[in-house]
Amino acid sequence: MSECRTSTSEREIPVTIAMSSGLLFKQEQEGYGPAFKFVKALKAVNAELRHHYPDSNELFKVIFIDDTTSSDFLMDQTCERNQLVSELRRNNTHLYLSDEPNKVQEALNAGVAAAIMFTPTNIITESENQLRVAFDGDAVLFSNESELVFKSGLQAFLDHEEQNVEIPMNGGPFRGFLEVLIKLQKKLNNTGLYKKCPIRTYLVTSRGAGCPGYRALNTLHRWHLELDEAVFLGGADKGPSLQRIKPHIFFDDQQRHVDAALEVGTVACLVPSPN
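Keep in mind the model is a prediction, meaning the values are calculated, not measured. (Residues numbered from 1 in each chain as written. Predicted model: local features only at pLDDT ≥ 70, side-chain atom pairs only at ≥ 80, totals over all residues. Heavy atoms only, no water.)

**Q** Any chance you could break down the overall build of the protein chain for me, citing the residues and the numbers?
**A** For the protein chain, the helix and strand inventory stands at 10 helices and 10 strands. Taking all 275 residues of the protein chain together, the buried fraction comes to 50%. Look at the contacts in the protein chain between residues 6 or more apart in sequence, and 69% of them connect residues 24 or more apart. Surface accessibility of the protein chain: about 13200 Å² in total, with carbon and sulfur atoms responsible for 48%. (Helix = DSSP H or I, 4+ residues; strand = E, 2+ residues; numbered from the N terminus. Buried < 20%, exposed > 50% of the residue type's maximum accessible area, 1.4 Å probe, protein only. Contact = heavy atoms within 4.5 Å. Areas by Shrake-Rupley, 256 points an atom, 1.4 Å probe, with all protein chains shown as cover.)

**Q** Pulling in residues and values, what's your account of helix 8 (residues 211–222)?
**A** Given a rise of 1.5 Å per residue, 12 residues ought to cover 16 Å, and the 16 Å separating the end C-alpha atoms of helix 8 matches this to within 8%. All of the buried residues along helix 8 are Pro212, Gly213, Arg215, Ala216, Asn218, Thr219 and Leu220. Looking at the buried side of helix 8, the elements it contacts are helix 5 (145–150), helix 6 (154–163), helix 7 (175–193), strand 7 (199–205) and strand 8 (229–232). Among the residues trailing helix 8, His224 stands out with phi positive, at a value near 65°. (Expected span 1.5 Å × (residues − 1).)

**Q** Go over the side chain of Asn91, please, and point to the residues and values.
**A** Positionally, Asn91 belongs in the loop between helix 3 (84–90) and strand 4 (93–98). The class of Asn91 is buried, set by a relative accessible area of 12%. Once residues lying within four places of it in the same chain are set aside, the contact partners of Asn91 are Thr16, Ile63 and Ile65.

**Q** Which residues make up the pairing of strand 9 (residues 249–252), and what are the values?
**A** Side chains of strand 9 alternate between two faces, with Ile249 and Phe251 and Phe250 and Asp252 buried alike. Bridge count for strand 6 (residues 131–135) against strand 9 is three bridges, and the pairing is parallel. Counterpart to Ala134 in the pairing with strand 9 is Phe250. When strand 9 meets strand 10 (residues 268–270), the two strands line up parallel, connected through three bridges. Looking at strand 10, one finds that Phe251 is bridged to Cys269. Once you follow strand 9 into helix 10 (residues 255–263) and on to strand 10, the crossover reads as right-handed. (Pairing = 2+ DSSP bridges. Right-handed = clockwise from strand over helix to strand, strands pointing away.)

**Q** Tell me about the packing of aromatic side chains, and name the residues and values.
**A** Inspection of the entire model under this criterion finds eight aromatic pairs. Between Phe177 and Phe251, the aromatic rings sit 6.4 Å apart at their centres with planes inclined by 80°, giving edge-to-face as the arrangement. Of this pair, Phe177 sits in helix 7 while Phe251 sits in strand 9, placing them 74 residues apart in sequence. Looking at Phe251, the relative accessible area reads 0%, which means it is buried. Clustering of aromatic rings is evident, with ring pairs tying together Phe135, Phe174, Phe177 and Phe251. The ring of Tyr53 carries Lys187 above its face, with NZ or CZ at 4.4 Å from the centroid. (Phe/Tyr/Trp six-rings, centres within 6.5 Å; stacked < 30°, edge-to-face > 60°. Lys NZ or Arg CZ within 6 Å of the ring centre and 35° of its normal.)

**Q** I'd like to hear about the confidence of the model for the protein chain, residue by residue, with values.
**A** Low pLDDT means the predicted atomic positions in that stretch should not be read closely. Scored by pLDDT, the protein chain has a mean of 87; 88% of the residues are at 70 or more. Under a pLDDT of 50 for its full length, residues 1–10 has, in the predicted model, zero contacts with residues more than four places off or in other chains. (pLDDT = per-residue confidence, 0-100.)

**Q** So what's going on with a nonpolar patch on the surface? Residues and values would help.
**A** Residues Phe150, Leu154 and Leu158 make up a contiguous nonpolar surface patch of about 270 Å² in total accessible area. Checked against the element boundaries, Phe150 lands in helix 5. Taking the relative accessible area as the measure of exposure, Phe150 reaches 43% and is therefore partly exposed. (Patch = residues over 30% accessible without salt bridge, like charges linked within 9 Å, V, L, I, M, F, W, Y side chains within 5 Å. Salt bridge = Lys/Arg side-chain N within 4 Å of Asp/Glu carboxyl O.)

**Q** So what about the environment of Val165? Which residues, and what values?
**A** Residue placement: Val165 occurs in the loop between helix 6 and helix 7. A relative accessible area of 16% places Val165 in the buried class. C-alpha separation for the pair Val165 and Thr219, spaced 54 residues apart in sequence, amounts to 9.3 Å. Excluding anything up to four places from it in sequence, Val165 contacts Cys211, Tyr214, Arg215 and Asn218.

**Q** Residues and numbers for the nonpolar core, please.
**A** Ranked by size, the top nonpolar core spans 78 residues in total, and within it Phe60, Tyr96, Leu97, Phe135, Phe174, Phe177 and Phe251 carry the most contacts. At eight residues, helix 7 tops the list of elements feeding residues into this core. The contacts of Phe174, once residues within four sequence positions are left out, are Leu95, Ala113, Ala114, Ala115, Phe135, Val140, Leu141, Phe251 and Val271. (Core = buried A, V, L, I, M, F, W, Y, C linked by side-chain atoms within 4.5 Å.)

**Q** Describe in detail the pattern of salt bridges, supporting the description with residues and values.
**A** Should their charged atoms come close, side chains of opposite charge can pair. By the definition in use, this model includes 14 salt bridges. Linking Lys183 and Glu58 is a salt bridge whose minimum nitrogen-to-oxygen distance equals 2.9 Å. One end of the pair, Lys183, is in helix 7; the other, Glu58, is in the loop between helix 2 (36–52) and strand 2 (60–64), and 125 residues separate them in sequence. Taking relative accessible area as the criterion, Lys183 reaches 35% and is therefore assigned partly exposed. For Lys238, the salt bridge identified is with Asp252, shortest N-O distance 2.6 Å. With Lys238 in the loop between strand 8 and helix 9 (239–245) and Asp252 in strand 9, the pair connects residues that are 14 residues apart, well separated along the chain. In this structure, Lys238 and Asp252 share a single accessibility class: buried.

Printed below as a string of structure tokens:
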């Protein structure tokens, strides 16, 4: 019986998101940084989780990793200032956000999902009570295998995807973060919140809807991960889709897609390639 309790405790660990305090509080935008609305949505999800699972530790936990500034905005907040990677590992960090590329690169090289956060001129989100997270596919959720093939040309990429359409791709740096999001989403769905779940996930990819799109969905299916919506743009601009979705945060590995997101008011994060 004690083994069962230990197993449950190990599974129900906080989903830790580390960031610098400057992303949450800045002098601009009336003192709010680009992560402010994202963190407010995390807090709303925590309220639902505490309501339905009062004894569970499986909550979002935001920590400031490189600053001593404190705030009561999040009850789960702690502040640390030590070696970056050791702190991220000590806190079992699922996601690290920073506006300093060198720190993001250091975290990614250590195997932590990390991204450089950019600030749009005017942040536009749909809701403070429903966390909306959008991901690119290749080099974010999936490995960069197919993206490397694409450098040889579009036809080479299409041929590669057709030949490997039934073969799942390897995981990218953000697979683990998506997994914990969907795990929390399933817990909330099990309480009857399916239609009004406070977590919603999106795939917004440049892949087309043919073999490339099928392979992406097949990979997610093999991983037992189901996103709420998948958008296959076939190389079109991602801005209009993100303008419709209005996510709190969007992750992409290409600067041009990050820039397109910023233009429509989406807080976008660049995922650089690990060294």
